[in-house]
Amino acid sequence: MVRIRVLVVDDHRIFAESLAAALAAEPDVDVSAAGSGPAALRSLERAAAEGRRYDVLLVDADLGGTLPGIRPAVPVQEVGEDGLVDGISLVTGVRSAQPHVRIVVLAEKDDPRRAALALQAGASGWVAKDCSLSRLLTVIRGVLREETHLPPALLTGVLRELTAARKHRTESERLVESLTPREHEVLRCMVAGLGRKAVAERLFLSPHTVRTHMQNVLGKLGVHSTLAAVALARRAGVGPVDLTGDVVERGGQLA
C-alpha cells in the first residue's frame, strides 16, 4: 500500500492534534503536526534529508508568526501596511524549496480574495476547517493527482480575483518595463528593503544620485511611496537583489 505523508501546520494545538489523530486513523495516511511556519520548514527539511518527504501540507490560512528569509507573494494591503498572510507566506516558501509538495490551505471562512492569493502562491486547494473528514481526504488524494480543489461557492469569486490580478499584473509589468536598466536595479534594491545609503554603496553611486533614481522610479510607476512601489514591483514579478553575504542598511539600520 502506498502511504500518503501529511503534515498539518496550525498554531492552534488542539485543532492540529485532533486533525492529525483523525487522519492517522486512515490506513494509507502517515501524519505529523507542526505548530508554526518555522517548525514546518524544519520538519520538511528533516524529512527530505532522511529520504521520507512529505506529500501534502495542510496549512492554516491564519498561521501566526513570521518566517525569516521568506518573502510573501503578495501583500495583504497594496499600500500603507506591512501586514502579511502568514499561512500564504509559508505556501510561497514551501513551493519554492520543495515544489513536489502539494499544499491545501485550511480556512475558518470562505474568502475569494485570500483563496486567490493562496492559489497564486502555489496552493492546490482551499478547504473550510469545519469540512467533513471524508471531504478533506478527497481533497488530499485529489491534489496528489494534480487536481485543484475549491468550494463551489468560491469558484466565481476566485475566478474574478484571478482575472483582476492578471490585469493588474499586466499593467504593473508595463510600468516596470518603462524603467531604465539602472532604475530597474534600484527598484530591486528597494524590493530587498535597502535604504538609500545601502543602495548607494551597493551600486557605487552617490546618495544624491540614488535619491534621483528613486524619485524617477516612483514617478514612472505612478506611486507616491516606496511601499507602493514595492507592492507594484512584486505584482510585476520583480524580485529582490541577492543579499547573500552582504552587510546592508535596512530602513536606516544595519542588518
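Note: the structure precedes this text.
Keep in mind the model is a prediction, meaning the values are calculated, not measured.

Trainee: What exactly am I supposed to notice about the overall build of the protein here?
Mentor: Along its length, the protein carries 10 helices and 7 strands. Considering the protein as a whole, with its 255 residues, one finds that 45% of them fall into the buried category. Taking all contacts inside the protein whose residues are at least 6 apart in sequence as the whole, residues at least 24 apart take part in 70%. As presented, the protein carries roughly 13,000 Å² of accessible surface, and 53% of it is formed by carbon and sulfur atoms.

Trainee: Explain the pairing of strand β2 (residues 29–34) here, please?
Mentor: A regular strand places its side chains so that they alternate between the two faces of the sheet. Across 6 bridges, the pairing between strand β1 (residues 4–9) and β2 is parallel. The residue of β2 that forms the bridge with Leu7 is Ser32. At this point the chain moves from β1, through helix α1 (residues 13–24), to the parallel β2, and the crossover so formed is right-handed.

Trainee: Hey, could you run me through the packing of aromatic side chains in this one?
Mentor: To describe a pair of aromatic rings, one takes the distance between the centres and the angle between the planes. Enumeration according to the criterion identifies 0 aromatic pairs in this entry. The ring centre of Phe15 lies 4.6 Å from the NZ or CZ of Lys129, which sits over that ring.

Trainee: Teacher, can you tell me more about the side chain of Arg102 here?
Mentor: Mapped onto the secondary structure, Arg102 falls in strand β4 (residues 102–107). Look at Arg102 and you get buried, because its relative accessible area is 14%. Reaching out from Arg102, the side chain makes a polar contact with the side chain of Glu146 at a distance of 2.8 Å. Contacts of Arg102, omitting those with residues within four sequence positions, involve Asp55, Val56, Leu57, Arg95, Ser124, Val143, Leu144 and Glu146.

Trainee: What is the right way to look at the side chain of Asp28 in this model?
Mentor: Looking at where Asp28 falls in the secondary structure, it is placed in the loop between α1 and β2. When its relative accessible area of 14% is taken as the criterion, Asp28 is described as buried. Within the structure, Asp28 has its side chain in polar contact with the side chain of Arg141 (distance 2.8 Å).

Trainee: It is not clear to me how the sheet that holds strand β3 (residues 56–60) should be interpreted in this structure. Could you clarify?
Mentor: Sheet strands associate in pairs through backbone hydrogen bonding, adopting either a parallel or an antiparallel arrangement. Spatial ordering of the open sheet is given by β2-β1-β3-β4-β5, a layout of 5 strands whose pairing is parallel. Of all strands in the sheet, those bounded by a partner on one side alone are β2 and β5 (125–128). Along the sheet, successive strands turn relative to each other by an average axial angle of 25°, direction set aside. Contacts between α1 and the sheet are confined to β1, β2, β3 and β4, with β2 contributing the most and set at about 175° to the helix. The strands touched by helix α2 (residues 37–49) within the sheet are β1, β2 and β3, with β1 carrying the most contacts at an inclination of about 160°.

Thresholds applied
- Residues numbered from 1 in each chain as written.
- Predicted model: local features only at pLDDT ≥ 70, side-chain atom pairs only at ≥ 80, totals over all residues.
- Heavy atoms only, no water.
- Helix = DSSP H or I, 4+ residues; strand = E, 2+ residues; numbered from the N terminus.
- Buried < 20%, exposed > 50% of the residue type's maximum accessible area, 1.4 Å probe, protein only.
- Contact = heavy atoms within 4.5 Å.
- Areas by Shrake-Rupley, 256 points an atom, 1.4 Å probe, with all protein chains shown as cover.
- Pairing = 2+ DSSP bridges.
- Right-handed = clockwise from strand over helix to strand, strands pointing away.
- Phe/Tyr/Trp six-rings, centres within 6.5 Å; stacked < 30°, edge-to-face > 60°.
- Lys NZ or Arg CZ within 6 Å of the ring centre and 35° of its normal.
- Polar contact = N/O pair within 3.5 Å; in protein donor to acceptor, adjacent residues only side chain to side chain.
- Axes fitted to C-alpha atoms, helices over the stretch in contact; angles between N-to-C directions.

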